[in-house]
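Residue strings, one per chain:
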Amino acid sequence: MKVVGDLMEIQIRSESSQTHNKPPSPRVTKSRSQVWFFRVCSCILVWTCLFQLFTGLTNQISRFSLPVEPVRLLPPRRNYTSNGILRVSCNGGLNQMRAAICDMVTIARLLNLTLLVPELDKKSFWADPSDFEDVFDINHFIDSLRDEVRIIRKLPKRYSRYKLFQMPPVSWSNEKYYLHKLLPRFRKHKVIHFNRSDTRLANNGLSLHLQRLRCRVNFQGLRFTPRIEALGAKLVQILQQRGPFVALHLRYEMDMLAFSGCTHGCTEKEAEELKKMRYAYPWWKEKEIVSKERRVQGRCPLTPEEAVLVLKALGFQKDTQIYIAAGDIYGGERRLALLKESFPRIVKKEMLLDPKELQQFQNHSSQMAALDFIVSVASDTFIPTYYGNMAKVVEGHRRYHGFKKTILLNRKRLVELLDLHKNKTLSWDQFAVYVKEAHEGRRMGEPTHRKVISDKPKEEDYFYANPQECICKNPSTLSE
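This is a predicted model, so every value here is computed, not measured.

Details of the overall build of the protein chain
- For the protein chain, the helix and strand inventory stands at 20 helices and nine strands.
- Once local pairs closer than 6 in sequence are excluded, the contacts in the protein chain between residues at least 24 apart make up 76%.
- Entry remark: accessible area of the protein chain is about 26,300 Å², with carbon and sulfur atoms responsible for 55%.

Examining the nonpolar core
- Membership of the largest hydrophobic core comes to 76 residues, with the highest contact counts inside it found for Phe 132, Phe 141, Tyr 178, Phe 194, Phe 224 and Tyr 323.
- The element that contributes the greatest number of residues to this core is helix 3 (residues 94-111), accounting for 12 residues.
- Setting aside residues up to four positions removed in sequence, Phe 194 forms contacts with Leu 86, Arg 87, Val 88, Ser 89, Met 104, Met 167, Pro 169, Tyr 178, Leu 182 and Phe 186.
- Grouped together as the second largest cluster of nonpolar side chains are 40 residues, Val 310, Leu 314, Ile 322 and Ile 346 included.

Points about the sheet that holds strand 6 (residues 245-249)
- Read across the open sheet, the four strands follow the order 8-7-6-9; overall the sheet is parallel. Single-partner strands in this sheet number two, and they are strand 8 (346-347) and strand 9 (381-384).
- With two bridges joining them, strand 7 (residues 321-324) and strand 8 adopt parallel strand pairing. Within the sheet, the bridge partner assigned to Tyr 323 lies in strand 8 and is Val 347.

Notes on the state of the cysteines
- Counted under the stated rule, the structure contains two disulfides.
- Disulfide partner of Cys 262: Cys 300, at an S-S distance of 1.9 Å. Between Cys 262 and Cys 300 the disulfide shows an S-S torsion of about -85°. By sign, it is left-handed. Of this pair, Cys 262 sits in the loop between helix 9 (254-260) and helix 10 (268-280) while Cys 300 is found in the loop between helix 11 (291-296) and helix 12 (304-313), placing the two residues 38 residues apart along the sequence. Exposure class is identical for Cys 262 and Cys 300. Each is buried.
- In the protein chain, the bonded cysteines, numbered by position in the sequence, are linked as 1-4, 2-3.
- Unpaired in terms of disulfides, Cys 90 finds its nearest cysteine sulfur in Cys 102, a separation of 9.8 Å.
- Given a relative accessible area of 4%, Cys 90 falls into the buried group.
- The thiol of Cys 266 is not disulfide-bonded; the next cysteine sulfur, from Cys 262, is found 9.3 Å away.

What counts, and where the lines are drawn
- Every chain is numbered independently, its residues counted from 1 as its sequence is written.
- The model is predicted, so local features are restricted to residues of pLDDT at least 70 and side-chain atom pairs to those at 80 or more, both for listing and for counting; the totals for chains, interfaces and linings are taken over all residues.
- Working from all heavy atoms in the structure, the side-chain values ignore hydrogens and water.
- A run of H or I in DSSP counts as a helix once it spans at least four residues, and a run of E counts as a strand once it spans at least two, with each numbered from the N terminus.
- In this description, contact between two residues means that some pair of their heavy atoms is separated by no more than 4.5 Å.
- Per-residue and other accessible areas were derived by the Shrake-Rupley procedure at a 1.4 Å probe size, with only the shown protein chains allowed to occlude residues.
- Within this scheme, the nonpolar core is defined by two criteria: the residues are buried Ala, Val, Leu, Ile, Met, Phe, Trp, Tyr or Cys, and they are joined through side-chain atoms within 4.5 Å.
- The buried label applies to any residue whose accessible area, calculated with a 1.4 Å probe on protein chains only, is under 20% of its type's maximum; exposed applies above 50%, and partly exposed to all values in between.
- DSSP calls a pair of strands paired once it identifies at least 2 bridges connecting them.
- The disulfide criterion is simple: two cysteine sulfur atoms within 2.5 Å.

The following block contains the structure:
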């Protein structure tokens, strides 16, 4: 303020001197120069003060009102000499591919390989054009696992001169197979393409580090893209605001029925259509299937009508909120009529979201399945009507996140009870009692050991359905 006062005094003196008509003396000229000098200095001083004041206020505001994005800390890179490059083509649906990716990372770690970002299936029934980065957060996948495996997006040009060696590894193989049989091949060929990736690693008998790495990839490394995660979270929020909900994985879709040969409840025309589809896909090796035998063996998904009776017998009331985690139900609304009549609060993602929100995922079955996966993992109760890959992987996630209630239907027993009730051999009360008895204990998602059958790995409990090594540090607390 003193500076400003001095300037004003100088300016007054200057103006009074200008009232005289005499030509300015050298002394007056010097005084004017001083005035301009002080004016410039004062302007600089004032603007500097204002700038500092504004900057301080902005910092204070941002400190209290604007979120500060945390610094992303990456694990240190693991330095190792690569023994070759592993290229992988995954086969199957979303969850079959998910488990395969976890196995491939683990194999790359075991053999000290460099892993190419896995290729997703584009040739199966679903014909999904999605690439890895369309479904999973590719940057997170690469960065979060860099302390275990080197993952690259493209094959380096220097390897283009090598002839690509293709092979499917032997299913359910252990560490010795990969170390003794396949590692020498990588050293010879440099690049090997695994053209099939499902169940190529044993469920049991692997070292603890490898088993926990499989879990790390599954539960931490494989994250859906931000847009899938955001829309999935929105679905969960909408459902939770309406109260507790059941996720019913109603696996009564055309591909499942054609693949399994299950036609119970279908018309003759529909049964013929499913058979033609089964013959149309060469990788579905089993062609002639007797539907009745398959159903009695418990190898068919429950029909929507059967699912109604089972849900009622298990004690679910009419006002239960049920989310249908599935694609298009074979037979359309006709097959869902009884289910909707019995449980009016049935919803699907198409009913909860604006069509514009789902438009970006249309014709991308893996991305649509990812939304159902997110909702199923978050549900209060999860009930799959067929124990396929999605049912198993969701079950594993729900175990990992605190043994959330998962009802695994005993289809073989249920078919028997359903038929007895249908022919009036069993009353409704008896039917309900037997259904509840058949779904106690481990069929309700409680902690349990995996079933191990060393000579029949296909009949063992699936690792990704119950990754016990990653859930409980003391296996003795698990039930048999």
